[in-house]
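Listed below are the residues making up each chain.
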Amino acid sequence: MNDANNANDRESLHKNNTKADTIGMIFMCSSKTKSDCYKYKVFGLPAAKKDIVLKIYKGMWLFLFDFDLKLLYGIYKAAEPGGYNIEPKAFKSEFPSQAKAERMKARTQEKLTNKLAATKIVQITTQMQKRANAEANIE
């Protein structure tokens, strides 16, 4: 897919997607893929999950769950809308549906963490972590 088609896909999807639909997303990594997440500053999913990544908008909250260490990292934010092959060398092209990530400033993270503590997002995140742990134990 060329850059023009990728930009058109992202633009049309983002016009129909409001920030209220989703405020954050948790990506998963292993100890092997985490280094590419930080080196290229992207989080990735398989090509089949392109539709999910294209819903990511600039500023959306992103988290990274290392299922080997069972640790959740964040808060990150999307530096730009999600796309396809943003960093082609990342993950040896295994995860081309990608979101460019940048770390939120500590002060912003603290404010958001305090805000999250009073919402259901913490409960949902905990449920997702439990589900990820259960899946990791199965494999």
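We now turn to the structure provided with this report. (Residues numbered from 1 in each chain as written. Predicted model: local features only at pLDDT ≥ 70, side-chain atom pairs only at ≥ 80, totals over all residues. Heavy atoms only, no water.)

## Details of the pairing of strand β1 (residues 24-29)
Logical step 1: Only one face of β1 is covered, namely the one carrying Met25, Phe27 and Cys29; the face carrying Gly24, Ile26 and Met28 has none of its residues buried.
Logical step 2: Two strands pair when backbone bridges link them, and β1 and strand β3 (residues 61-66) are joined in this way by 6 bridges, in the parallel orientation. What sits directly across from Met25, in β3, is Leu62. (Buried < 20%, exposed > 50% of the residue type's maximum accessible area, 1.4 Å probe, protein only. Helix = DSSP H or I, 4+ residues; strand = E, 2+ residues; numbered from the N terminus. Pairing = 2+ DSSP bridges.)

## Describing the side chain of Ser30
Logical step 1: Following the sequence through the fold, Ser30 ends up in the loop between β1 and α2 (34-40).
Logical step 2: Given a relative accessible area of 13%, Ser30 falls into the buried group.
Logical step 3: Excluding residues within four positions of it along the chain, Ser30 makes contact with Asp66, Phe67 and Asp68. (Contact = heavy atoms within 4.5 Å.)

## What to know about the nonpolar core
Logical step 1: Membership of the largest hydrophobic core comes to 21 residues, with the highest contact counts inside it found for Phe27, Phe43, Ile56, Leu62 and Leu64.
Logical step 2: For this core, the secondary structure elements donating two or more residues are β1, α2, β2 (42-45), β3, β4 (71-78) and β6 (97-103).
Logical step 3: Core analysis: the second largest hydrophobic core is formed by 5 residues, Trp61, Ile75, Met104 and Leu112 among them. (Core = buried A, V, L, I, M, F, W, Y, C linked by side-chain atoms within 4.5 Å.)

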